[in-house]
Each structure stands twice: as C-alpha cells, then as structure tokens.
Amino acid sequence: MIKFRIYLDKEAEEKWLNQMAADGWAMESFFGGIYQFSACEKGAYTYRVDFGDKLFSVSEDYRELMQDAGIQIIQTWGYWVILRKKTSEGAFMLYTDLASNIEHYQKIRRMFKIVTIIELICLFIELYVGAVEGIVLGYAFALLIGALLLSVINALFQTNQKIAELEEKMTGIARNKKNTYTSAFLIIGLLMNSCILFLMDYIPYTITKGLQIIAIILMLIGLAKTSTKSLFRHIDQ
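If you're wondering where the values come from, they're calculated on a predicted model, not measured in any experiment.

Engineer: Mind showing me how you'd approach the packing of helix α4 (residues 136-171) against helix α5 (residues 184-199) here?
Structural biologist: When two helices pack together, their arrangement is given by the angle between their axes and by how far apart the axes lie. Where α4 contacts α5, the axes come no closer than 8 Å and their chain directions differ by 160°. Considered as vectors, α4 and α5 are oriented roughly antiparallel to each other. For the element pair α4 and α5, the recorded crossing hand is left-handed. Residues V136, L137, Y139, A140, F141, L143, L144, G146, A147, L150, S151 and N154 of α4 form the contact with α5, whose own contacting residues are L186, I187, L190, L191, N193, S194, L197 and F198. When grouped by side-chain class, the residues that make up the contact of α4 with α5 number 15 nonpolar, five polar and no charged.

Shown next, in the form of structure tokens:
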C-alpha cells in the first residue's frame, strides 16, 4: 500500500503511523511524502519519530543504541528518523523525562527557524525575478514558497507552544503561550494560485480565470479565519 502525506508535526505523524499499524499496515519506507506500507499483524509495531543530529543519516553510536534496545531504524529523511519496535516487547518511549523532551523540541525549533530564514531568502529572490525580470514563473515559485513558509511558521509556533507547556510542567510556573495560527485555507489558496501560474499555458483562459477566482476566495477565507482567531485569542487574554 502507498499513501501520500506531508507532516511537519511529529506527534501527528506518530499517531497516524501507529493507527496504520493498528489497522494491520506496517510502514516500510518514505520518500518525498510517499509512505509505503506492507501488511502485518494488527498492532504488531509501535512507531516513533525522532530528530537526529545528521542530515539523512544517523551516527553509529545512535544506530547501536537503537539496535541494543530492539528498535529498528526504518527511514531517515532530512533530520527526521522514523523508528519502530515490536509491540510485544513492551512500551516504546524515546524521551521519558521533561528535560530531555524540552531539549528534543528545542532542536526541532532550531531546525524550523533555519528553514524559515532560507525560505524567506528564496521568497525575496523569486519576487525579484517576477517583479523586476518580469518572469511569471518567478511569481509562481514565490506563491509556492509562500505556502511552504506559512506551513513551517505554523509548525514553528506549535513547537514553541509545546516547549512552553513542557517548561510549565517542569517548573510549575505558568507560561504565556502564544497560539499563533494561520488558516489552511490561506495556504491552499497560495498553492492553488501557484499551480495555476505553472499551468496557465496549458489550460484554457476561462478555466484559468475561474480557478484564480476560487483561489482568491480561499485566500480571503483564510485571511478572515486567521484574523478572527487572533482577535478572539487577544480578547480571551
């Protein structure tokens, strides 16, 4: 079985992989959002997603540590490491104390910050190409990068909130958690506009305009939802 998913939230990815395993499908490989599964006994495996220190690889010490604990390294992708362990061998938790959990999420936050800076630089370059050079594909790539940037920023703020919650549990001191939110409608609208610009030479004019109107409506709904949630959050505070 093959499924396509994009996750920036490791907890959501873990939950999905474990649900698939509970339904009798073991994740075997991953590449660019494409997960490959094979049939297995229902609930045979427990999956965890870790954050490594190397890009697309792990150290020998890490590999030996996992092997000694009966944990399989299924896939490395970027800094993400997908692991699994047979459920029959007992509970499978990577970080059992608050301090190590906080350190884990701080590493993830640093990665998201770096990606945000890189995407901002790429966004300005593509906007320059579109505005100054007059190349339509520059705008198409800018919209695509803008959608990815908003997704990463969402993940960054979610990670900040998770760290604040863990620190609050460890210290007992209440933290000011900023639940910043960007609506998925806005991201989908940007992606749709990007695809339209990429394909506009191959799509009839009337269809292109109709799709652009739909994309703009989605973006406006996204902006309204984002603004409304931010307003209610400030009122609650």
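Engineer: Just to check I follow, could you spell out the layout of surface pockets for this structure?
Structural biologist: Any space left empty among the atoms is revealed by the rolling of a water-sized probe across them. Approximately 1300 Å³ is the volume attributed to the largest pocket. As for the largest pocket, its lining consists of 47 residues, of which I6, Y7, L8, F112 and V152 are closest to the centre. When residues of the lining of the largest pocket are traced back to their parent elements, those giving at least two are α1 (10-22), β5 (72-77), β6 (80-86), α3 (98-131), α4 and α5. In terms of residue count, the dominant contributor to the lining of the largest pocket is α3 (eight residues).

Engineer: So what exactly am I meant to see when it comes to the environment of E89 here?
Structural biologist: With respect to the helices, strands and loops of the structure, E89 is situated in the loop between β6 and α3. Relative accessible area serves as the criterion here: at 44%, E89 is assigned to the partly exposed category.

Engineer: How should I be thinking about α4 in this particular structure?
Structural biologist: Residues separated by three or four positions in an α-helix point in the same direction, a consequence of the helix having 3.6 residues per turn. The end-to-end C-alpha separation of α4 is 52 Å, in line with the 52 Å expected for 36 residues at 1.5 Å each. Taken from the residues just after α4, G172 is the one with a positive phi, measuring 80°.

Engineer: Would you mind showing me how to read the packing of aromatic side chains here?
Structural biologist: For any two aromatic rings, the description comes down to two numbers: the centre-to-centre distance and the angle of the planes. For the coordinates displayed, the defined rule picks out 12 aromatic pairs. Here W16 and F37 contribute two aromatic rings whose centre-to-centre distance is 5.5 Å and whose plane-to-plane angle is 90°, an arrangement assigned as edge-to-face. Of this pair, W16 sits in helix α1 while F37 sits in strand β3 (residues 34-39), and the two are 21 residues apart along the sequence. By way of ring pairs, the aromatic residues Y7, W16, F30, F31, Y35, F37, F56 and W77 are connected into one cluster. In this arrangement the basic side chain of R84 is found over the ring face of Y45, its NZ or CZ atom lying 4.1 Å from the centre.

Engineer: Can you walk me through the side chain of R48 in this structure?
Structural biologist: Relative to the helices and strands, R48 is located in strand β4 (residues 45-51). Within the local environment of R48, its side chain forms a polar contact with the side chain of E14, the two groups lying 3.5 Å apart. A polar side-chain atom of R48 sits 2.7 Å from the main-chain carbonyl oxygen of F92. Each residue touching R48, except ones within four places of it in the same chain, is listed here: E14, N18, V81, I82, L83, F92, M93 and L94.

Engineer: I keep staring at the state of the cysteines and nothing clicks. Help me out?
Structural biologist: Disulfide: a covalent bond formed between the sulfur atoms of two cysteine residues. Under the defined criterion, the tally for this structure stands at zero disulfides. Looking at C195, it has no disulfide partner, and the nearest cysteine sulfur is the one in C122, 18 Å off.

Engineer: Please explain the pattern of salt bridges as it appears in this structure.
Structural biologist: Side chains bearing opposite charge may pair, as long as their charged atoms lie close to each other. All chains considered together, the criterion is met by five salt bridges. For E28, the salt bridge identified is with R84, shortest N-O distance 3.5 Å. Here E28 is found in strand β2 (residues 25-31), whereas its partner R84 is found in strand β6, with 56 residues between them in sequence. Judged by relative accessible area, which is 5%, R84 ranks as buried. The network of salt bridges with shared partners includes K10, E14 and R48.

Engineer: Explanation requested: the sheet that holds β6 in the structure shown.
Structural biologist: Hydrogen bonding along the main chain pairs the strands of a sheet, whether they run parallel or antiparallel. Spatially, β4-β6-β5 is the arrangement adopted by the three strands of the open sheet, whose pairing is antiparallel. Looking along the sheet, the strands with just one partner apiece sit at the ends: β4 and β5. Here the strands of the sheet are splayed against their neighbours by 20° on average, with no regard to which way each runs. Sheet analysis places β4 next to β6, joined by seven bridges and oriented antiparallel. Within the sheet, the bridge partner assigned to R48 lies in β6 and is L83. Packing against the sheet, α3 makes contact with β4 and β6, and its axis sits at approximately 60° to β4.

Scoring rules and cut-offs
Residues numbered from 1 in each chain as written. Predicted model: local features only at pLDDT ≥ 70, side-chain atom pairs only at ≥ 80, totals over all residues. Heavy atoms only, no water. Axes fitted to C-alpha atoms, helices over the stretch in contact; angles between N-to-C directions. Helix = DSSP H or I, 4+ residues; strand = E, 2+ residues; numbered from the N terminus. Parallel < 35°, antiparallel > 145°, perpendicular 65-115°, else oblique. Left-handed = near helix turned anticlockwise from the far one by under 90°. Contact = heavy atoms within 4.5 Å. Nonpolar A, V, L, I, M, F, W, Y, C, P; charged D, E, K, R; others polar. 1 Å grid on protein atoms, 1.4 Å probe; cavity = no way out; pocket = protein on both sides within 12 Å on 5 of 7 lines; lining within 4 Å. Points joined across faces, edges and corners; volume = space filled by probe spheres on them. Buried < 20%, exposed > 50% of the residue type's maximum accessible area, 1.4 Å probe, protein only. Expected span 1.5 Å × (residues − 1). Phe/Tyr/Trp six-rings, centres within 6.5 Å; stacked < 30°, edge-to-face > 60°. Lys NZ or Arg CZ within 6 Å of the ring centre and 35° of its normal. Polar contact = N/O pair within 3.5 Å; in protein donor to acceptor, adjacent residues only side chain to side chain. Disulfide = S-S within 2.5 Å. Salt bridge = Lys/Arg side-chain N within 4 Å of Asp/Glu carboxyl O. Pairing = 2+ DSSP bridges.

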